[in-house]
Amino acid sequence: MGRKNWDALRGQRARENELRSLESNLPYEGLEKGKQPNRYFPSNAIKTTKYSLLFFIPMNLYEQFHRLANLYFVGLVILNFIPEVNAFQPEIALIPICVILSLTAMKDAWEDFRRYQSDRKLNNMPCFIYSRKEKQFVERHWKDVRVGDFVKVVCNEIIPADLLLLYTSDPNGVCHIETANLDGETNLKQRTAVSGHPEFEPESFNGILVCEKPNNNLNHFKGYVWQKVGAGIESLLLRGCTVRNTDHAVGFVVYAGRETKSMLNNSGPRYKRSKLERRLNIDVLFCVILLFTMCLIGALGHYLWLNAMPVVPPYLVPPTSGQLDRPSLTSFYMFFTMIILLQILIPISLYVSIELVKIGQIFFITNDIDLYDEETDSRIQCKALNITEDLGQIEYIFSDKTGTLTENKMVFRRCSIMGTEYPHKENDGKLFQKISRTSSGSLSHSQKTDAYLDFFLALAICNTVVVSMATTKRRRVSAQFAATVDGKNAGGIFKFCKRNPKRHRTFTEDSEENFQPSGQTEGVDTTGLQPCSPHPPSLSDEPALTSDNLRYEAESPDEAALVYAAKAYGFTLLSRTPDSVSVRLPSGEVLDFEVLDTLTFDSNRKRMSVLVRHPITKEYVLYTKGADFAIMELLGTPYPEHFSGNKKNIATVTQRHLDCYAKEGLRTLCIAKKVVSEAVYKRWSVDRKNAMAAIENRERLVMDTAVQLEKNLTLLGATGIEDRLQENVPDTIQALREAGIKVWVLTGDKPETAVNIGYACGLLEDEDLITCTNILDCTLEEVRRYNADPRNVDTTQNMSLVIDGLTLDKALSPDLLDRFVALVKHCRAVLCCRVTPLQKSRVVKVIREKLKVMTLAVGDGANDVNMIQAADIGIGISGQEGMQAVMASDFAISHFKHLKKLLLVHGHWCYTRLANMIIYFFYKNAYVNLLFWYQFFCGFSATAMIDYWLMIFFNLFFTSVPPIMFGLMDKDISAEMLLGVPELYKTGQGEGDYRFTTFWVSILDAFYQSLVCFFVPYFVYQDSDIDMFTFGTPMNTSALFIILMHLSIEIKSWTVVHWIIMLGSVALYFIVTLAYSAVCVTCNPPSNPYWILQSQMEDPMFYLICILSTVVALLPRYRVCHSLSSVGLKIFNCPEFWGVFALTVCKPYLQNCS
């Protein structure tokens, strides 16, 4: 036993260590588990189920009892089993909570069964594992894979675990994978085998792999093998990815099962608490206080009633001891009895009804044809199931620019080379002639170093573009697998990438005239997904590689645009491997560059570089591209030393060109180069190799080596790329601003570019006072003076703020934060430029917390994830930059324009429907007040004049469906009016419809109606000898009519469904009550409701009571609603109203028609 505990402790330490040492399992094949070196790490079998068959009931009940409401009602049920305090038959009290718990348990069981089916299917998928005994790869199941195994994957096969790539069939050691199942990106990624074993044999692997412990970062991995050969994410094949364009590959299992990166990222659906739900919990607390107050009154009343009796009445039967309890003790018991009797004041079915309504709202949103995008065959995705109503309360929107407001489809427009500017469509072939003269004939050493050649070589080489043939068909895995890989219920992080045939970021030549890469598919059958084949297509059948059938797969549209621009000018990227890149020159000559290293882009450096050896000069050349400010500060001497005059001032002229590009709204990049001496390169490569092999501070060391080399650069030129606005962006922003929503744009672009886009999309207007200053105090004082001027009463200063990242950093410091918030609160729009992803999220958090407002963030790329997660609602746009933003969001849309209807229509409807339904629920449950008023006439003895079964049926069946229908289908305003008059959205902002006063007015109205409903029958039957249930039955019937007629007054739009449900509820009440009264002879002794309703329906007085009670109870509410409708009608008939309506709704349509 001690040995087992010691082994378990060692296993826990091994799993928790920051570094892991992994060995091959082959030498230990066949030995017992205790002798396996990697026995402490989990197997590849996954289990996402929450329950087991044996322990489902106790575990599910344990989970459900985490909800305080369930505990409350179970406590009341237990209380009712105590004889001293029970209010009615204990078995009856079990019914409501049992129904709620059973329905929830059935839902949980169904979801868990689906997870079980998904797990079983995944765990039994086939794979190939190397066996030392059989000297070959043998077929096994995914669940048999263990850390330390060697696994072989073939073309179009799914990778079963996280593998360190050791060998591929490609002679360059390259394996192409598609990561769509992980991050939604369908462009191919290159993975390279760890150097050291070109002819790899599994049994020859005798080293130890040292790696970091598992984490959920899909873009990061640290480790080393053998003689400290570094291994990074570029050598890791992740579970769930698909092997493409590679015959086969062999990898070493690093992480398996629940420790793989895909499983660590599979956190299931996200849950947030909406603002309405937080307010609801406060009102439930008020109901609890109200309930306790009523029970206290009942207990006190019972005590006074007992003390007022001169003798003990005969109907008070003493307990077995023969003596009655003291009045104080009896009233103490009565307090708990009253809690049981009046318990339905706390709405037990409210939370279940809210969940049903939200599911229905999501159904209507996702099936809205106006939110469907035909081009990508995608519709809106709702992934946060419980915050739909927050869409109707947004006050601030924070938006990215590139890919969110713009299309992120880049078009190469202009370039500046060595201080000379070349607009593409206006240069009349000057640039072509310049290139032709330079590259004509056999090139000499000096010509090979020409600046124009270097500029376009940099465009073609300095990227991570993957080259393949446009005629190649990329076969896909079955749709069934894509929907279930590591999904918790066939709907985990992969469900958003199941079928989206037109969202491939594979750029083919659509129009070389515009250098615009299109987002078309690769020629596959987009009507369905083809089955996977383990056999790659024959290489002999592939067409010859020519410039006409090349296809470039880029990680960003910018890279694709630059590569196509270089190709259009004759510099064609032909192939790329980890060690080489081939470019065809305009003369037809092909240059094969040896790639020595690639310094990848990161958000700190804002640039990327490629170090190559020139095939002619044998020089070590570093080509760099990046943001203008990141390149300009690294420049050394001008490129041509023999130039003179203005040519010397290349950087200044180029900067002027960059400023012009930015003012035109173009995206700008600088291109530079550097010739590195052999001695410098050898010293640097040693540092680089050590940094790549490091485990501690690896990122910092790798970045330091990049910065070390990227110094004293020579400027070659700059590029200007156009990114067009998406359709209807200005109209959408205008509508959102009219709706009272402030729109901010947070972008990494230059201020000039951002301001230009700001004007183009309508965020900034000509009459705006644009403030681009870091002097907060002066600007804030100017705003205050404007507001203090009596002439500016009821007016708002049209002021917008443009601020860059450096200034924003200072403004968000603790000593300036309050003044910054005070300033931006007065701004119509704010434009933050040159900001990092962390700054974006910080801005959202500051505004949300300081101003106490509802925020929404929208973006399309990985750099927007932090911002999306920081806002109350995060919206991802499925654009050209993968699906990271979509996967991190609460809602996903295809275009920015969809925000207009999503917020102004669906947001308004979701909020008003749910708010009104909750208020109605609180009102409806005040039906219990009838029992409270009866206590004043029965000595506060907790007696009920309505049968207990009918009381339960009243809430569970008779009045439960109409409010759900009300929350699902009511439309207070039509969609056309909401879109035409965006100002109507303001009703949901701030406190909105669901306010403190609204709740209490509804409760007071319920108290009034219950008084009418009780005392009308009371005065009618006064001095009569009717029994208790004969008195209660017309009261119960009147309550039903009052509750349903009250809802009828609230419903704004009637449909056939409304009529069926309302009339069906009434019919159900009479059918069930008549049947129950007919068969219930001894259901509730000593007095039973036998034949009560039948007798009442023969008495005209019954109908008089029902009609009179309903009219008198609802008259005040009807008068108030009628008065409000009259005011609305007057406004509707007002000429000024129609003038505003004509300006806001009709004028745009008339302009479009003209």
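Reading the values: the criteria
The numbering scheme is per chain: residues are counted from 1 as the chain's sequence reads. Only residues with pLDDT of 70 or above have their local features reported here, since the model is predicted, and side-chain atom pairs are shown and tallied only from 80 upward, although totals for entire chains, interfaces and linings are computed over all residues. Heavy atoms throughout the structure, all of them, feed into the side-chain values; hydrogens and water do not. UniProt positions are given in the numbering used here, feature names are shortened, and annotations may be inferred rather than shown by experiment. The numbering of helices and of strands both runs from the N terminus, where a helix is a DSSP run of H or I of at least 4 residues and a strand a run of E of at least 2. Each pair of strands is called paired provided DSSP finds at least two bridges between the two strands. Any Lys or Arg side-chain nitrogen located within 4 Å of an Asp or Glu carboxyl oxygen qualifies as a salt bridge. Three labels apply to residues, based on accessible area from a 1.4 Å probe with only protein chains included: buried if under 20% of the type maximum, exposed if over 50%, partly exposed otherwise in between. One less than the residue count of a helix, multiplied by 1.5 Å, gives the span that helix is expected to have. Contact criterion: two residues are considered in contact whenever any of their non-hydrogen atoms come within 4.5 Å of each other. Stacked, tilted and edge-to-face pairs are distinguished by plane angle, under 30 degrees for stacked and over 60 for edge-to-face with tilted covering the rest, among Phe, Tyr and Trp rings (Trp via its six-membered ring) whose centres lie within 6.5 Å. Put simply, a patch holds well-exposed residues, over 30% relative accessible area, that have no salt bridge, with like charges counted together within 9 Å and Val, Leu, Ile, Met, Phe, Trp or Tyr side chains within 5 Å. Using the Shrake-Rupley algorithm and a 1.4 Å probe, accessible areas are obtained, with residue cover drawn only from the displayed protein chains. Residues grouped as a nonpolar core are buried Ala, Val, Leu, Ile, Met, Phe, Trp, Tyr and Cys residues, joined through side-chain atoms within 4.5 Å. Under this scheme, a helix contributes an axis fitted over its contacting stretch, all axes are lines through C-alpha atoms, and angles between N-to-C directions fall in the 0 to 180 degree range.

- Looking up the chain in an unreviewed UniProt entry gives the name Phospholipid-transporting ATPase, with the organism given as Astatotilapia calliptera.
- Database annotation for the chain, UniProt heading Cofactor (unreviewed entry): "Mg(2+)".
- Check the Sequence similarities (unreviewed entry) section of the UniProt entry for the chain; it says "Belongs to the cation transport ATPase (P-type) (TC 3.A.3) family. Type IV subfamily."

## Digging into unusual backbone geometry
- Even without glycine at this site, N156 takes up a positive phi of about 65°.
- Relative to the assigned elements, N156 resides in the loop between β4 (150-154) and β5 (162-168).
- Unusually for a residue other than glycine, R834 sits at a positive phi of about 55°.
- One can find R834 in the loop between β32 (829-833) and α24 (837-851).

## Details of the sheet that holds strand β13 (residues 248-255)
- Ordered by their spatial adjacency, six strands build an open sheet running β3-β2-β4-β13-β5-β11, and the pairing between neighbours is antiparallel. The open sheet has two edge strands, β3 (136-141) and β11 (236-237), and neither has a second partner.

## A closer look at the pattern of salt bridges
- Scanning all chains against the criterion turns up 31 salt bridges.
- As a salt-bridge pair, D628 and R834 come within 2.8 Å of each other at their nearest N and O atoms. In this pair, D628 is assigned in helix α15 (residues 628-632) and R834 in the loop between β32 and α24, connecting sequence segments 206 residues apart.
- Exposure remark for R834: the relative accessible area of 22% places this residue in the partly exposed category.

## Remarks on helix α34 (residues 1056-1079)
- When the terminal C-alpha atoms of α34 are compared, their 34 Å separation across 24 residues agrees well with the 34 Å that a helix rising 1.5 Å per residue should span.
- Taken together, the buried positions of α34 are H1058, I1061, M1062, S1065, V1066, Y1069, F1070, T1073, Y1076 and S1077.
- Here the buried face of α34 lies against α29 (948-958), α30 (961-969), α33 (1028-1050) and α35 (1092-1097).

## A closer look at α24
- With 15 residues, α24 should reach 21 Å at 1.5 Å per residue; the first-to-last C-alpha distance of 22 Å fits that figure.
- Burial in α24 covers these residues: Q839, K840, S841, V843, V844, V846, I847 and L851.
- In the core, the buried residues of α24 are packed alongside β15 (396-399), β29 (742-746), α22 (805-811), α23 (817-824), β33 (855-859) and α25 (865-870).
- K852 sits one or two positions beyond α24 and adopts a positive phi of about 55°.

## Brief notes about the environment of L1040
- Relative to the assigned elements, L1040 resides in helix α33.
- Given a relative accessible area of 0%, L1040 falls into the buried group.
- Separated by 29 residues in sequence, L1040 and Y1069 place their C-alpha atoms 8.5 Å apart.
- When near neighbours in sequence (up to four residues on either side) are disregarded, L1040 contacts F954, F958, T959, V1066 and Y1069.

## Quick look at the packing of aromatic side chains
- For the structure on display, the rule yields 54 aromatic pairs.
- Geometrically, the ring pair formed by F332 and Y333 is tilted, given 6.2 Å between the ring centres and 50° between the ring planes.
- On the basis of relative accessibility, which here comes to 48%, the residue F332 falls in the partly exposed class.
- Taking 4.8 Å as the distance between ring centres and 35° as the angle between the ring planes, the aromatic pair formed by W1054 and W1059 counts as tilted.
- Here a set of aromatic residues connected by ring pairs shows up, and it is made of Y934, F937, F1014, F1015, Y1018, F1019 and F1031.

## Some points on a nonpolar patch on the surface
- On the surface, a nonpolar cluster with roughly 660 Å² of combined accessible area is contributed by V1020, M1101, Y1103, L1104, I1107, L1108, V1111 and V1112.
- Ranked by residue count, the leading element in the nonpolar patch is helix α36 (residues 1100-1133), at seven residues.
- Position of V1020 relative to the elements: it lies in helix α32 (residues 996-1020).
- Owing to a relative accessible area of 34%, V1020 belongs among the partly exposed residues under this scheme.

## Let's talk about the nonpolar core
- Ranked by size, the top nonpolar core spans 103 residues in total, and within it L342, I918, F922, Y927, M945 and Y994 carry the most contacts.
- Discounting residues that sit within four places of it in the chain, Y994 has contacts with L276, R279, L280, D283, Y911, A915, I918, I919 and F922.

## Some remarks on the sheet that holds strand β10 (residues 229-231)
- Spatially, four strands are ordered β1-β8-β9-β10 in an open sheet, and the strand pairing comes out antiparallel. The open sheet has two edge strands with one neighbour each: β1 (19-22) and β10. Shown here is a sheet whose adjacent strand axes are inclined to one another by a mean of 25°, direction ignored.
- As paired strands, β1 and strand β8 (residues 209-212) are joined by four bridges and run antiparallel to one another. Paired with L19 across the two strands is E212, which belongs to β8.

## Side note on the UniProt feature "transmembrane region" (unreviewed entry) in the chain
- Under the local residue numbering, the UniProt record ascribes the feature "transmembrane region" (unreviewed entry) to residues 280-305, 332-354, 451-470, 999-1021, 1028-1047, 1059-1081 and 1101-1118.
- The distance separating the terminal C-alpha atoms of residues 1028-1047 is 29 Å; by composition the span is 100% helix and 0% strand.
- Within the segment residues 1101-1118, helix and strand shares are 100% and 0% respectively, and the terminal C-alpha atoms sit 25 Å apart.

## Details of the pairing of strand β23 (residues 580-584)
- As defined by bridge partners, strand β22 (residues 572-576) adjoins β23 across four bridges and the pair is classed as antiparallel. In the strand pairing of β23, L573 is matched with V583.
- Where β22 hands over to β23, the hairpin turn is made up of three residues, counted between the paired strands.
- Here five bridges tie β23 to strand β24 (residues 590-599), and the two strands are oriented antiparallel to one another. Bridging across to β24, S582 finds its partner in D592.

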